[in-house]
Amino acid sequence: MSNTSSSLTQLALQKFKKNFWGVLSFWVIVAIGLMALFAYVIAPDNSQNANQMHLSIHSQRPGFEVQMLYLPSEIENKQSFFSRLLIGKTSNDLEIPISKYSLNTDELTYTEYASDGLIGVEKVINLNAFPNKDYKSHIKQKTFLFGTDKYGRDLLSRILIGSRISFSIGFIAVFISLIIGIFMGSIAGYYGGKVDAVIMWIINVTWSIPTLLLVIAITLALGKGFWQVFIAVGLTMWVEVARVVRGQIISAKEMQYVTAARALGFNDYRIITTHILPNIMATIIVISAANFAAAILIESGLSFLGIGAQPPMASWGAMIKDHYNYIILGKPYLALIPGMCIMILVMAFMLIGNALRDALDVKS
């Protein structure tokens with residue numbers, strides 16, 4: 001039996017490897033996952049939520065360059081590597097965009113950057129503010145590859161940090177939906193009768209409510225926030241899993257191997273978990289991939305409506321909300337870049353779902 005299972009797995013893997021779009025989508029998802037995990041390592045702005053604001057350089061084009069003066073803080077910051085990896089750098093240093101600077105004895109004179117051809121404010125700072133009076137190492141040319149948003153934050157860094165929410169909501173929401181959906185669907189499909197009627201009534205009532213409205217209601221009940229959105233999305237996606245699992249178990253429980261398991265005296269829990277669920281796992285995997293994409297879209301919609309991840313937390317949906325009016329103001333990239341990121345991630349999950357369906361189809 002184990003050899004047969006192993007050979008079927010190898011056959012499915014070989015079929016999956018032949019699907020170009022499936023393999024490409026797999027590596028895209030892996031790349032985005034690694035990018036989300038190490039976002040604070042690779043982001044140009046590694047502060048918490050990439051929230052360094054510079055209003056003087058707001059809404060700048062991709063590739064914009066400016067000199068940045070870093071004024072060190074006297075507050076000592078002790079932070080471990082894992083803390084910086086998870087939540088970003090808790091820095092108290094002050095960043096100031098400048099257009100020019102000059103040295104006068106023990107004082108540094110600099111002119112703050114001003115857009116639209118205006119002249120910025122000229123200020124003076126004593127060289128003692130820099131360690132060993134080394135001011136040159138604190139003035140650097142900074143490039144914003146994706147430009148800046150309306151608050152002057154680095155758009156590339158916000159995109160990288162925002163991938164965490166879109167990527168992680170897929171895992172958490174699908175995990176919640178699988179736990180509830182598999183349990184409810186298994187009970188309904190295996191026992192049938194009144195149990196099936198009650199569970200199907202709950203499923204149909206939940207199914208009849210528009211998904212977005214149900215998510216909004218649950219989110220408002222739990223409160224706005226990061227984890228509340230994950231739970232709300234997961235609690236609305238289980239019905240589809242339950243319906244599919246129920247239908248698969250109704251067909252599977254009449255099979256000979258289930259009859260043989262009953263004749264051997266196995267209890268219902270062992271029959272469902274050990275014999276039936278492994279045989280319908282292919283269908284569950286395919287629907288999980290589709291639910292990943294649906295969860296990302298729902299979270300983006302909630303963030304667009306303002307009840308998803310709350311500021312200053314970076315979210316692709318919230319970034320579209322903040323900048324959608326810039327589409328008609330001549331700076332469409334502020335909304336199109338996060339929109340393209342959502343499209344690429346959702347398409348990758350949909351394509352890998354189609355590839356898994358073809359690979360796990362025993363009839364093909």
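What counts and how
Residues numbered from 1 in each chain as written. Predicted model: local features only at pLDDT ≥ 70, side-chain atom pairs only at ≥ 80, totals over all residues. Heavy atoms only, no water. Pairing = 2+ DSSP bridges. Helix = DSSP H or I, 4+ residues; strand = E, 2+ residues; numbered from the N terminus. Axes fitted to C-alpha atoms, helices over the stretch in contact; angles between N-to-C directions. Phe/Tyr/Trp six-rings, centres within 6.5 Å; stacked < 30°, edge-to-face > 60°. Buried < 20%, exposed > 50% of the residue type's maximum accessible area, 1.4 Å probe, protein only. Lys NZ or Arg CZ within 6 Å of the ring centre and 35° of its normal. Salt bridge = Lys/Arg side-chain N within 4 Å of Asp/Glu carboxyl O.

Explanation requested: the sheet that holds strand β2 (residues 94-104) in the structure shown.
Strands in a sheet are paired, the pairing made by backbone hydrogen bonds, and the direction either parallel or antiparallel. Taken in spatial order, the five strands of this open sheet run β4-β3-β2-β1-β5, and their pairing is antiparallel. Only two strands of the sheet have a single neighbouring strand rather than two, namely β4 (122-126) and β5 (139-144). With direction set aside, neighbouring strand axes in the sheet form an average angle of 50°. As paired elements, strand β1 (residues 64-71) and β5 share six bridges and run antiparallel to each other. If you follow phenylalanine 64 over to β5, its bridge partner there is phenylalanine 144.

Looking at this structure, I do not really get the packing of aromatic side chains. What am I missing?
Aromatic ring pairs: the centre-centre distance and the angle between the two ring planes describe each pair. Within the structure shown, the criterion is met by eleven aromatic pairs. Centre to centre, the rings of phenylalanine 20 and tryptophan 21 are 5.1 Å apart; their planes meet at 75°, and the pair counts as edge-to-face. Considered together, phenylalanine 20 and tryptophan 21 belong to a single accessibility category, that of exposed residues. With centroids separated by 6.4 Å and ring planes inclined at 75°, the aromatic side chains of tyrosine 101 and tyrosine 135 adopt a geometry described as edge-to-face. On the criterion of sequence distance, the pair formed by tyrosine 101 in strand β2 and tyrosine 135 in the loop between β4 and β5 is long-range, its members being 34 residues apart. Look at tyrosine 135 and you get buried, because its relative accessible area is 12%. In this structure, lysine 140 packs its charged tip against the face of tyrosine 70, placed 5.9 Å from the ring centre. Between arginine 243 and the ring centre of tryptophan 207, over which it is positioned, the NZ or CZ distance is 4.8 Å.

What is the right way to look at the pattern of salt bridges in this model?
Opposite charge on two side chains permits pairing when their charged atoms draw close. Under the definition given, this model contains six salt bridges. Glutamate 112 serves as the salt-bridge partner of lysine 123, at 3.1 Å between the closest nitrogen and oxygen. Here lysine 123 is found in strand β4, whereas its partner glutamate 112 is found in strand β3 (residues 107-112), with eleven residues between them in sequence. Between aspartate 358 and arginine 357 there is a salt bridge whose closest N-O contact spans 3.4 Å. A residue is classified by how much of its surface remains accessible, and aspartate 358, at 36% relative accessible area, is partly exposed.

Help me understand the environment of lysine 15, please; the structure alone is not making it clear to me.
By the secondary structure assignment, lysine 15 is in helix α1 (residues 2-17). Between the alpha carbons of lysine 15 and aspartate 361 there is a distance of 9.9 Å; along the sequence they are 346 residues apart.

These results come straight from atomic positions and should not be treated as a statement about function.
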